[in-house]
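Residues per chain are reported as follows:
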Amino acid sequence: EAGVTQFPSHSVIEKGQTVTLRCDPISGHDNLYWYRRVMGKEIKFLLHFVKESKQDESGMPNNRFLAERTGGTYSTLKVQPAELEDSGVYFCASSHRWDSPLHFGNGTRLTVT
Amino acid sequence: LAKTTQPISMDSYEGQEVNITCSHNNIATNDYITWYQQFPSQGPRFIIQGYKTKVTNEVASLFIPADRKSSTLSLPRVSLSDTAVYYCLVGDMRRNQGGKLIFGQGTELSVKP
């Protein structure tokens, strides 16, 4: 089966610009997660979708971040406007059931200059 | 939320068995123990998961003592390709928390020829 795919793999933008990250989960996986690692820190949970509904968005840092999963398939994570501290690697993961292991994508490396 | 403590780094040689121990003194009844592996420029990859006693799969074994305050990941006969960061995570089994993983710093395993 195809794994979790993320696009783009790298993105370099200027402070104040908008960036949209995309994640395509494994087909049939209802659960989709966003995580991120900012410079020098640990990987942190951002939010969890079950199909198209946000199950838990307690890890979203602020209202500059907006995640969507229309139709319960792929998901997007928009950062608007981007700040320097948003630089890092954004990972998407999916799972079939809530208690199944997570399958991670290779991440999007975001650099805000 | 239970936090984990594991060695920052470990060295080994090809063909040896590697045991990485993780401490999770505050583990709760609903928590399970999961290990992930991460290579540079890739997302974390699930290795093994367990709740108590011993779990074995084709890749590794996981030993969990009766008090569940620690766990040991055992990698038999490592090769150079096992050089990676290994994360010990403790996660809540309840339905709405299953994928909300708490990552620590991980253990950077270096396998030498």
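Described below are features of the structure shown in this document. (Residues numbered from 1 in each chain as written. Chains lettered and ligands numbered in written order. Predicted model: local features only at pLDDT ≥ 70, side-chain atom pairs only at ≥ 80, totals over all residues. Heavy atoms only, no water.)

### Digging into the state of the cysteines
Residue and element names in this part refer to chain A. Using the following cut-off: Working definition: a disulfide is two cysteine sulfur atoms within 2.5 Å of each other. Helix and strand definitions here come from DSSP, where helices need a minimum of 4 consecutive H or I residues and strands a minimum of 2 consecutive E residues; each element is numbered from the N-terminal end. Relative accessible area decides the class of each residue, using a 1.4 Å probe on protein chains only: under 20% of the type maximum gives buried, over 50% gives exposed, and in between gives partly exposed.
Evaluation of the coordinates by the stated rule reveals two disulfides over all chains. The disulfide bridge from Cys23 ends at Cys92, spanning 1.8 Å between sulfur atoms. Its S-S torsion of about -65° marks the bond between Cys23 and Cys92 as left-handed, since a negative value means left-handed. Of this pair, Cys23 sits in strand S3 (residues 19-24) while Cys92 sits in strand S9 (residues 88-95), and the two are 69 residues apart along the sequence. Taken as a pair, Cys23 and Cys92 share a single burial class, namely buried.

### Notes on the layout of surface pockets
Applicable threshold: Method remark: on a 1 Å grid restricted to protein atoms, a set of points is classed as a cavity if a 1.4 Å probe fits but cannot get out and as a pocket if it is open with protein on both sides within 12 Å along at least five of seven lines; lining residues have an atom within 4 Å of a point. Grid points are joined across faces, edges and corners, and a volume is the space filled by probe spheres set on the points.
Counted as a void, the largest pocket has a volume near 600 Å³. Around the largest pocket, the lining is made up of 31 residues, and of these Arg37(A), Arg109(A), Gln38(B), Pro40(B) and Ser41(B) lie nearest the centre. Broken down by secondary-structure element, the contributors of at least two residues to the lining of the largest pocket are strand S4 (31-38), S9 and strand S11 (108-112) of chain A together with strand S8 (84-92) and strand S9 (107-112) of chain B. Among the elements that line the lining of the largest pocket, the one with the most residues is S11(A), at four residues.

### A closer look at the packing of aromatic side chains
As a reminder of what qualifies: Working definition: rings of Phe, Tyr and Trp (its six-membered ring) pair if their centres are within 6.5 Å, and the pair is stacked with planes under 30 degrees apart, edge-to-face with planes over 60 apart, and tilted otherwise.
This model, assessed by the stated rule, comprises 10 aromatic pairs over all chains. Note on Phe65(A) and Tyr90(A): the rings are 6.4 Å apart at their centroids and 25° apart in plane angle, and the pair reads as stacked. A residue pair is termed long-range when its members are at least 10 positions apart, and Phe65(A) in strand S7 (residues 65-68) and Tyr90(A) in strand S9 qualify at 25 residues. Judged by relative accessible area, which is 6%, Phe65(A) ranks as buried. Centroid distance Phe104(A) to Phe103(B): 6.1 Å. Interplanar angle 80°. Geometry classified as edge-to-face. Residue Phe104(A) is found in strand S10 (residues 103-104), and its partner Phe103(B) is found in the loop between S8 and S9; the two belong to separate chains.

### Quick look at the interface of chain B and chain A
It is common to report an interface's size as the accessible area lost on association of the parts. Counted only if it meets this: Contacts are assigned to residue pairs that have any heavy atoms within 4.5 Å of one another. When two components associate, each loses some accessible surface as probed by a 1.4 Å sphere; the sum of these losses over both components is called the buried area. Whenever Lys or Arg places a side-chain nitrogen within 4 Å of a carboxyl oxygen from Asp or Glu, that contact is recorded as a salt bridge. We call two N or O atoms a polar contact when they sit within 3.5 Å, provided that within protein one can donate a hydrogen and the other can accept it, with sequence-adjacent residues counted only if both atoms are side-chain atoms. Residues are grouped as follows: Ala, Val, Leu, Ile, Met, Phe, Trp, Tyr, Cys and Pro are nonpolar; Asp, Glu, Lys and Arg are charged; all remaining types, including Gly, are polar.
Each partner contributes residues to the interface: chain B has 21 residues there, and chain A has 17 residues. For the chain B and chain A pair, buried surface summed over both sides reaches about 1,700 Å², with 54% attributable to carbon and sulfur atoms. At the boundary of chain B and chain A, one finds one salt bridge. Its salt-bridge partner being Asp56(A), residue Lys100(B) comes within 3.4 Å of it at the nearest N-O pair. Counting across the chain B and chain A interface gives eight residue pairs in polar contact (both at pLDDT 80 or more). Secondary-structure elements contributing two or more residues to the side of chain B that touches chain A are strand S3 (31-38) and strand S4 (45-50) of chain B. Classifying every residue of the side of chain B that touches chain A by side-chain character gives seven nonpolar, 11 polar and three charged.

### A word on unusual backbone geometry
Put simply, Phe7(A) and Pro8(A) share a cis peptide bond, and its omega is -5°. Each neighbour pair has its own omega, and for Gln80(A) with Pro81(A) the value is -10°, a cis peptide bond. Looking at where Pro81(A) falls in the secondary structure, it is placed in the loop between strand S8 (75-79) and S9. Unlike most non-glycine residues, Thr53(B) shows phi in positive territory, near 60°.

### Examining the side chain of His48(A)
Residues and elements named next belong to chain A. With respect to the secondary-structure elements, His48 resides in strand S5 (residues 44-50). Among the residues examined, His48 registers a relative accessible area of 3% and is labelled buried. When sequence neighbours within four positions are dropped, the list of residues in contact with His48 reads Asn31, Leu32, Tyr33, Ser53, Lys54, Gln55 and Asp56.

### Some words on the pattern of salt bridges
Residue and element names in this part refer to chain A. With the rule as written, the count across this model stands at seven salt bridges over all chains. One salt bridge connects Lys15 with Glu83, and the closest N-O pair in it is separated by 4.0 Å. Of this pair, Lys15 sits in the loop between strand S2 (10-13) and S3 while Glu83 is found in the loop between S8 and S9, placing the two residues 68 residues apart along the sequence.

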